[in-house]
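A structural walkthrough
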Amino acid sequence: MSKSLISIQDFSKEEILHVLETAKEFEKNRTQDILAGKVIACIFFEPSTRTRLSFETAVNRLGAKVIGFSDASNTSVSKGETLKDTIKMVSNYVDLIIMRHPLEGSSRYASEVSSVPVINAGDGANQHPSQTLLDLYSIMQTQGRLDHLKINMVGDLKYGRTTHSLLQAMSHFSPEFVFTAPEELKMPVEYKDFLKKKGIRYTETTSLEDHLNDCDILYMTRVQQERFTDPMEYERVKDVYRLEASMLGNVKENMKILHPLPRVSEIDQDVDDTPYAYYFKQAENGLYVRMAIISYLMGYR
Amino acid sequence: MENINKELKVSALENGTVLDHIPAENVYKALDILGLKGISNQITIGINLNSKLFGKKGIIKIADRFFEDDELNRLALIAPHATVNIIRNFQVVEKKKLVMPERIEGLAKCMNPKCITNHQPVKTKFTVIGEGDKISLLCHYCEKISDIKSVF
Ligand SMILES: [Zn+2]
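This write-up is about the structure you can find in this document. Treat the numbers as computed from the prediction; the structure is a model and nothing was measured. The numbers attached to residues start from 1 for each chain and follow its sequence in the written order. Numbering of ligands from 1 and lettering of chains from A proceed in the order in which they are written. In keeping with the model being predicted, local features are shown solely for residues with a pLDDT of at least 70 and side-chain atom pairs are shown and tallied solely at 80 or more, while totals for entire chains, interfaces and linings include all residues. To obtain the side-chain values, all non-hydrogen atoms of the structure were used and water was disregarded.

**Some thoughts on the pairing of strand E4 (residues 118–123) of chain A**
Heads up, the condition is: Each residue gets one of three labels from its accessible area relative to the maximum for its type: buried under 20%, exposed over 50%, partly exposed in between, using a 1.4 Å probe on protein chains only. Elements are defined by DSSP. Helices are runs of H or I of four residues or more, strands are runs of E of two residues or more, and each kind is numbered from the N terminus. For crossovers, right-handed means that the path from the first strand over the helix to the second runs clockwise, given strands pointing away from the viewer.
Most of E4(A) sits inside the fold, with six of its six residues counted as buried. With helix H4 (residues 106–113) of chain A bridging strand E3 (residues 96–101) of chain A and its parallel neighbour E4(A), the resulting β-α-β unit is right-handed.

The structure is reproduced here in structure tokens:
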């Protein structure tokens, strides 16, 4: 079976570092026709314009062609075709599949029935490993290293898959964590147990002010309404944190603010003009990292 | 005389398998896990029998049926302390203890309603985690953890 990227834990520490180094090359020269003549499928069973544009740009910049759909409603899938049949058909046509699907575990299953590598571009609330790799790349590029950093994760740490995957990936690099979340949205016990087993230190707080000044990375997240089953719980916590430029007076010089975007109200516009804002550049980094993932899985880097 | 014969028929097993020390409430689940529902072999079930070790226990006797270790070990998920007696010609010829399986396939259902296995014809696969009486299952697909009590 060909190598796929479904969960961040499918990549070893060495593979992660290899992809990040490759992404650096693509950032220096972002038009490289190394995949000329290849065809890549971008099949999105639920719409996600941001992720799809980033992946499709990456494919185009590598010189390959893209086929696919951006929404399953007008396809044979809406007529009841099973995921297995769709993947069997598509994988016979193309050299790589990039897929997003609302059901959790769908990408893992697709990788088992596909004859070509699969990149998971999001399976429900489960995994979105290219996001994690671009987060790591952004951390490495802003700090000059990945080892021994203090990372403050803020917002929805209960349902937010990006923070869970980032925590797992960073565990290779002896970090220290701060978890800033309201009681309702605290980091789940299983992830804290994972850190304890690995001997990684973490602190928990409900106050955003507590650890602004001693962290290297401030990883802000949005509270996503669609993850909540209880609408009252969402109303209570949706506006719990709001970062403003005036709060950044005593932060470390190297501190950078990351956010997987889109943001709602958790980062005020006035933060954008401070030297700490990095989230727009972080989104751009997604292009280089996705170019690196695609070329690695296809055996070209 | 006829009544006595009937009684003997129920309690003694000439050839087959006796599963003992099953928690009383899990006897029906055990029949499910071993695929015994609907088979034609003679099966004797005892529930709420007194046990010095376990309080109320259950027992299942299956005539003329012998199992592979892999099949039996699945039972450890709901009856970790169960014992297995292999009977041939009215004699216990072998006693076995169950070994907790590391992975199970096509057996339990994932409790995550958004899991692909609950929407498409996909065989479930789990890694068994935890030990003792606190067993849970990690879904190979959605990566969520299901408590053993919620999946059987
Ligand atoms: Zn599942």
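Alright, that's what it looks like, and here's the rest.
**Digging into a nonpolar patch on the surface**
Residues and elements named next belong to chain B. Stated precisely, the cut-off is as follows: Residues enter patches when their relative accessible area tops 30% and they take part in no salt bridge; the joining distance is 9 Å for like charges and 5 Å for the nonpolar side chains Val, Leu, Ile, Met, Phe, Trp and Tyr. Surface accessibility in these figures is a Shrake-Rupley result with a 1.4 Å probe; residues are shielded only by whichever protein chains are displayed. When a carboxyl oxygen of Asp or Glu is within 4 Å of a side-chain nitrogen of Lys or Arg, the pair counts as a salt bridge.
Together, Tyr28, Ile45 and Ile47 make up a nonpolar patch on the protein surface, roughly 270 Å² of accessible area in all. Structurally, Tyr28 can be placed in helix H2 (residues 27–33). We classify Tyr28 as exposed; its relative accessible area is 52%.

**What about the interface of chain A and chain B?**
Note: interface size is frequently given as the accessible area lost on complex formation between the parts. Our working rule: By definition, residues are in contact when any of their heavy atoms lie within 4.5 Å. Two parts placed together each lose some accessible area under a 1.4 Å probe, and the buried area is that loss summed for both. Residues adjacent in sequence count toward polar contacts only when both atoms are side-chain atoms; beyond that, a polar contact is any pair of N or O atoms within 3.5 Å, and within protein one must be able to donate a hydrogen and the other to accept it. Each residue receives one of three labels: charged for Asp, Glu, Lys and Arg, nonpolar for Ala, Val, Leu, Ile, Met, Phe, Trp, Tyr, Cys and Pro, and polar for the others, Gly being one of them.
Contacts between the two partners involve 13 residues from chain A, matched on the other side by 14 residues from chain B. For the pair chain A and chain B, the two sides together bury roughly 1,200 Å², of which 49% comes from carbon and sulfur. Linking chain A to chain B there are three salt bridges. A salt bridge links Arg108(A) to Glu143(B), with the shortest nitrogen-to-oxygen separation between them at 3.9 Å. Applying the counting rule to chain A against chain B returns seven residue pairs in polar contact (both at pLDDT 80 or more). At the level of elements, helix H3 (83–93) and H4 of chain A are the ones that each hand at least two residues to the side of chain A that touches chain B. Sorting elements by how many residues they give to the side of chain A that touches chain B places H4(A) first, with four residues. Across the side of chain A that touches chain B, the residue classes tally to three nonpolar, six polar and four charged.

**Focus: the packing of helix H5 (residues 129–143) of chain A against helix H6 (residues 161–170) of chain A**
Residues and elements named next belong to chain A. Rule in force here: Simply put, an axis is a line fit to the C-alpha atoms, just over the touching stretch for a helix, and the angle between two N-to-C directions goes from 0 to 180 degrees. Oblique is the label for any angle not under 35 degrees, not over 145, and not in the 65 to 115 range, which are roughly parallel, roughly antiparallel and roughly perpendicular in turn. Each crossing gets its hand from how the near helix is turned against the far one by less than a right angle, where anticlockwise is left-handed and clockwise is right-handed.
Two elements in contact, H5 and H6, have axes separated by 9 Å at closest approach and are oriented at 60 degrees. With respect to their mutual orientation, H5 and H6 come out oblique. At the point where H5 passes H6, the crossing takes the right-handed sense. On the side of H5, the interface is formed by Gln131, Thr132, Asp135, Leu136 and Ile139, while H6 contributes Thr162, Ser165, Leu166, Ala169 and Met170. Grouping the constituent residues of the contact of H5 with H6 by class yields five nonpolar, four polar and one charged.

**Overview of the coordination of the zinc ion**
Residue and element names in this part refer to chain B. The following threshold applies: Coordination here is defined by N, O and S atoms within 2.8 Å of the metal (3.2 Å for Na, K and Ca), and since water is not considered, a site can look incomplete. Note on geometry labels: four donors, all angles 85 to 135 degrees, give tetrahedral; four donors become square planar and six octahedral when opposite donors are over 155 degrees apart and every other angle is between 65 and 115; remaining cases are irregular.
Coordination of the zinc ion by the protein comes from Cys110 (SG), Cys115 (SG), Cys139 (SG) and Cys142 (SG), over a distance range of 2.3 to 2.4 Å. Geometry at the zinc ion is tetrahedral, judged from the four donor atoms that bind it and their angles of 100 to 117 degrees at the metal. Mapped onto the sequence, the residues coordinating the zinc ion show the spacing C-x4-C-x23-C-x2-C. One end of the pair, Cys115, is in the loop between strand E6 (103–105) and strand E7 (125–131); the other, Cys139, is in strand E8 (residues 134–139), with 24 residues separating them in the sequence. For the residue pair Cys115 and Cys139, the accessibility class agrees, reading buried in each case.

**With respect to the packing of H3(A) against H4(A)**
Residue and element names in this part refer to chain A. Where H3 meets H4, the closest approach of the two axes is 9 Å, and the angle between their N-to-C directions is 50 degrees. Overall, the two elements H3 and H4 adopt an arrangement that is oblique. Every pair of crossing elements has a handedness; the one defined by H3 and H4 is right-handed. Listed contacts from H4 to Leu83, Lys84, Ile87 and Lys88 of H3 are Ser106, Tyr109, Ala110 and Val113. Along the lines of polarity and charge, the residues of the contact of H3 with H4 split into five nonpolar, one polar and two charged.

**A short note on the sheet that holds strand E1 (residues 39–44) of chain A**
By way of backbone hydrogen bonds, the strands of a sheet pair with one another, either parallel or antiparallel. Residues and elements named next belong to chain A. Let me state the cut-off plainly: DSSP calls a pair of strands paired once it identifies at least 2 bridges connecting them.
Strand order in the open sheet formed by four strands is E2-E1-E3-E4, with parallel pairing between adjacent strands. Every other strand in the sheet has two partners, leaving strand E2 (65–69) and E4 as the edge strands with one partner each. Between one strand axis and the next, the sheet turns by 15 degrees as a mean value, whatever way the strands run. Pairing of E1 with E3, which is carried by five bridges, proceeds in the parallel orientation. Following the sheet pairing, Ile40 is matched in E3 by Leu96.

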